[in-house]
Each structure stands twice: as C-alpha cells, then as structure tokens.
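Spelled out from the first residue to the last, the chains are:
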Amino acid sequence: MNNKKILSILVAISVLTANSGNMVYALEETKTEDTSVKQEVTEETTEEITEEAPGESEATVIGSGTFADNLTWTVDDSGTMVVEGKGKFSNISAGYNSTLYDVKRIVLGADVEVTDIDTGVFWNCRMLEAIEVSGENEHYASADGILFNKDMTELIAYPIFKNNESYIIPESVVRIAEGAFEDCTFIEEVYITGNVSEVGFDAFRNCSALETVEFSEGLKEIKSGMFGYCNNLESVNIPASVEEIGHCAFGNCVLLQNMEYRWGTGFVRSNAVCNY
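Residues numbered from 1 in each chain as written. Predicted model: local features only at pLDDT ≥ 70, side-chain atom pairs only at ≥ 80, totals over all residues. Heavy atoms only, no water.

Colleague: So, the overall build of the protein: which residues are in play, and what are the values?
Modeller: Within the protein, the secondary structure is distributed over 1 helix and 19 strands. For the protein, the proportion of its 276 residues judged to be buried stands at 36%. Put simply, of all contacts in the protein between residues at least 6 apart along the chain, 38% involve residues at least 24 apart. Of the roughly 15400 Å² that the protein leaves accessible, carbon and sulfur atoms contribute 50%. (Helix = DSSP H or I, 4+ residues; strand = E, 2+ residues; numbered from the N terminus. Buried < 20%, exposed > 50% of the residue type's maximum accessible area, 1.4 Å probe, protein only. Contact = heavy atoms within 4.5 Å. Areas by Shrake-Rupley, 256 points an atom, 1.4 Å probe, with all protein chains shown as cover.)

Right, dumping it as structure tokens:
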C-alpha cells in the first residue's frame with residue numbers, strides 16, 4: 001500500500017472519530033436539556049398544584065348580639081352560632097338581626113351557663129338544623145341535634161328546619177316545653193311516649209307537614225293551641241289519661257277527620273276544634 005492511500009485512510013479515521021465525539025456531545029447536551037425541561041415542567045406543575053389546592057379557611061364572623069348582659073352570640077359565614085357567657089337565653093327576636101334567619105347550627109360549650117331559656121327563643125332561626133351542647137355542660141344536653149335539659153326529662157326545642165319526617169319522644173322525657181316544635185317544617189309524624197305527662201302551650205303550633213300524632217297513656221291535658229294551624233293534621237289518638245282538651249287545641253286543623261277518644265277522656269271543650 002503506498003503512502004498516499006495510508007495517509008487518506010488515516011485522515012478518514014480522524015474525521016470519523018471527531019464527528020463521533022461531536023455526536024455524543026450533542027446527544028448528551030440534548031439529554032441534559034430534556035432533563036432540565038422536565039425538571040422545569042415538574043416544578044411548574046408542583047407550583048400550580050400547590051397554588052390551586054384549597055387550604056383551610058377560617059370562618060368569618062358576620063353578626064353578633066346579646067341575650068343578656070353576660071350571654072352573647074356570634075354567627076359566622078358557615079351558619080354556625082356560638083353562644084358564650086352566663087345569663088338568661090332570652091328571645092332572639094328581641095334583638096332581630098337578618099343574619100339569624102340563615103343560622104343552621106347553634107353551639108353551647110361546656111362553659112356556657114344558661115340560667116333560663118325563653119319560649120320560642122329560636123323562632124327567628126328559620127333554617128336551624130341542629131342545636132349542639134357540650135357533654136360537659138352542667139345545665140343542658142342535646143341528642144340528635146335536639147335540645148333537652150341536663151337529665152333529658154324535658155324536651156326544650158326541636159330545630160325548625162331539621163329534616164326528619166318522623167320522631168319518637170325519648171322515654172326519659174316527662175315534659176315537652178311550650179313551643180318546642182312550633183313552626184317545624186318537615187315533621188309528619190310524632191309519637192309521644194307514656195312517660196310524657198305535660199305538653200306546653202303551642203308545642204306543635206304551625207307544624208305545616210304534621211299529619212299524625214300518637215299519644216301513649218300518661219298525658220293529662222291537651223292545652224289550648226297545642227296543634228293550632230297544623231293544616232295537614234288528619235289523625236290524633238287521644239288516650240284515656242287525658243282529662244281536659246283546651247280551647248282551640250286543634251284550631252284551624254282543616255283536614256282533621258279522625259280524632260279517636262278512648263273511654264276515659266274527661267272534659268272536652270266544645271271549641272277544641274275551631275277556626276280562629
């Protein structure tokens with residue numbers, strides 16, 4: 001092989017080697033750029049997810065007021081009312097505030113010392129679904145969002161907008177307070193157990209969906225206005241223990257067709273069923 005051919009071969013090999021090195025470098029550089037791009041995309045995506053992920057937001061107080069000198073309430077934008085302090089739970093309507101209408105939940109903590117609760121105290125809370133009381137509260141209790149005294153012998157308030165169609169009064173209850181169920185929107189059937197001996201005035205007034213009421217033995221009196229304006233009430237079973245039915249106890253119960261009296265029922269006013 002002559003010198004020219006050898007020289008040509010050596011030159012060709014040098015060129016190929018140089019090009020190969022450039023190609024490897026180019027591939028490595030491209031790979032590095034791709035990795036950088038992926039890292040940038042990953043970082044951007046992470047930042048976007050972090051920005052879009054909802055964080056924990058604190059409720060904002062939108063209203064406040066006073067029941068008594070040392071018993072106050074605040075309402076936040078979730079519809080929760082928190083009661084704090086000590087004193088009489090007087091009628092909310094006395095200090096009416098438009099924010100009360102949308103209250104869904106009322107909370108009484110362990111340190112709240114309510115000395116008394118007025119009749120119809122929650123009347124302006126038209127969307128109320130639950131009343132909650134701390135188990136450590138010494139004066140009141142709640143079960144299934146319904147307010148009772150501490151030993152649950154008295155049912156004090158059933159939330160107006162509680163979405164239950166049927167309710168059985170607990171066996172521990174001996175008294176249902178005045179206006180306890182007044183204006184309840186959804187309840188259709190109420191079963192009053194035998195330990196209940198007293199039901200307050202207007203206890204079921206204007207329960208627009210109420211159709212049936214069942215009393216067990218034990219109730220002594222159906223007081224005036226107890227079922228006034230229950231426009232869908234069709235059936236009431238009155239036990240023998242009832243000694244008196246008061247004035248317009250079933251006032252404006254326009255659909256009431258079946259009022260069953262047991263043999264022992266005593267004095268019934270002639271206008272027990274009336275139109276106001």
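Colleague: I'd love a proper account of the layout of surface pockets, names of residues and values included.
Modeller: Counted as a void, the largest pocket has a volume near 300 Å³. Surrounding the largest pocket, 25 residues form its lining, D118, G120, I156, A157 and E178 being those nearest its centre. Per-element accounting of the lining of the largest pocket gives the leading share, 3 residues, to strand β9 (residues 154-157). When grouped by side-chain class, the residues that make up the lining of the largest pocket number 15 nonpolar, 4 polar and 6 charged. (1 Å grid on protein atoms, 1.4 Å probe; cavity = no way out; pocket = protein on both sides within 12 Å on 5 of 7 lines; lining within 4 Å. Points joined across faces, edges and corners; volume = space filled by probe spheres on them. Nonpolar A, V, L, I, M, F, W, Y, C, P; charged D, E, K, R; others polar.)

Colleague: Pulling in residues and values, what's your account of the pattern of salt bridges?
Modeller: One pass over the full model with this rule turns up 8 salt bridges. Residues D183 and R126 are paired through a salt bridge, measuring 3.4 Å at the closest nitrogen-oxygen approach. Residue D183 is located in the loop between β11 (175-176) and β12 (189-192), and its partner R126 is located in the loop between β5 (113-117) and β6 (130-133); the two are separated by 57 residues in the primary sequence. On the basis of relative accessibility, which here comes to 8%, the residue D183 falls in the buried class. (Salt bridge = Lys/Arg side-chain N within 4 Å of Asp/Glu carboxyl O.)

Colleague: Can you explain unusual backbone geometry? Please cite residues and give values.
Modeller: One non-glycine residue, D202, lies in the positive phi region at around 55°. Counting through the fold element by element, D202 comes out in the loop between β13 (198-199) and β14 (212-215). For D202, a relative accessible area of 25% translates into the label partly exposed. Within the chain, Y229 stands out as a residue other than glycine whose phi angle is a positive 65°.

Colleague: Can you lay out the confidence of the model for the protein for me, pointing to particular residues and giving the numbers?
Modeller: Summary statistics for the protein give a mean pLDDT of 78 and a share of 71% for residues scoring 70 or more. Confidence drops under pLDDT 50 across residues 20-56; counting only partners more than four residues distant or on other chains, this segment forms 0 contacts. (pLDDT = per-residue confidence, 0-100.)

Colleague: Summarise the sheet that holds β11; cite the residues concerned and give the values.
Modeller: The 5 strands are arranged β7-β8-β9-β11-β13 in an open sheet whose pairing can be described as mixed. Strands with a single pairing partner mark the edges of an open sheet, and in this sheet they are β7 (140-143) and β13. As paired elements, β11 and β13 share 2 bridges and run parallel to each other. Counted as the bridge partner of R175 is E198 from β13. (Pairing = 2+ DSSP bridges.)

Colleague: So what's going on with the environment of E165? Residues and values would help.
Modeller: Here E165 shows up in the loop between β9 and β10 (166-168). The spacing of E165 and A209 is 44 residues in sequence and 8.5 Å in space, taken between C-alpha atoms. In contact with E165, not counting residues within four places along its chain, are F186, I187, E188 and E189.

Colleague: Any chance you could break down the nonpolar core for me, citing the residues and the numbers?
Modeller: I176, F181, F204, I222, F227 and F250 are the most contacted members of the largest nonpolar core, which has 38 residues in total. Elements that contribute at least two residues to this core include exactly β8 (146-149), β12, β14 and β16 (235-238). With sequence-adjacent residues up to four places away left out, I176 is seen in contact with L155, I169, F181, I192, V196, E198, V199, G200, A203 and F204. Core analysis: the next-biggest nonpolar cluster, separate from the first, contains 24 residues, W73, M81, I131 and L147 among them. (Core = buried A, V, L, I, M, F, W, Y, C linked by side-chain atoms within 4.5 Å.)

Colleague: How would you summarise a negative patch on the surface if you had to cite specific residues and measurements?
Modeller: Where like charges cluster on the molecular surface, the negative patch consists of E165, E189, E211 and E234. Tracing the chain through its elements places E211 in the loop between β13 and β14. (Patch = residues over 30% accessible without salt bridge, like charges linked within 9 Å, V, L, I, M, F, W, Y side chains within 5 Å. Lys, Arg positive; Asp, Glu negative; His and termini not counted. Charge placed at Lys NZ, Arg CZ, Asp CG, Glu CD.)

Colleague: An account of the packing of aromatic side chains is needed here, citing residue identities and associated values.
Modeller: For any pair of aromatic rings, the description consists of the separation of the ring centres together with the inter-plane angle of the planes. Scanning the entire structure with this criterion turns up 8 aromatic pairs. Ring centres of F204 and F227 lie 5.2 Å apart, and the angle between their planes is 10°; this geometry places the pair in the stacked category. Of this pair, F204 sits in the loop between β13 and β14 while F227 is found in the loop between β15 (221-222) and β16, placing the two residues 23 residues apart along the sequence. Looking at F204, the relative accessible area reads 0%, which means it is buried. When its relative accessible area of 0% is taken as the criterion, F227 is described as buried. Seen in terms of ring centroids, F215 and F227 are 6.2 Å apart; in terms of plane orientation they differ by 85°. Their pairing is edge-to-face. Pair noted here: F215 is in strand β14 and F227 is in the loop between β15 and β16, with a separation of 12 residues, a long-range link. The buried category is assigned to F215, whose relative accessible area is 3%. (Phe/Tyr/Trp six-rings, centres within 6.5 Å; stacked < 30°, edge-to-face > 60°.)

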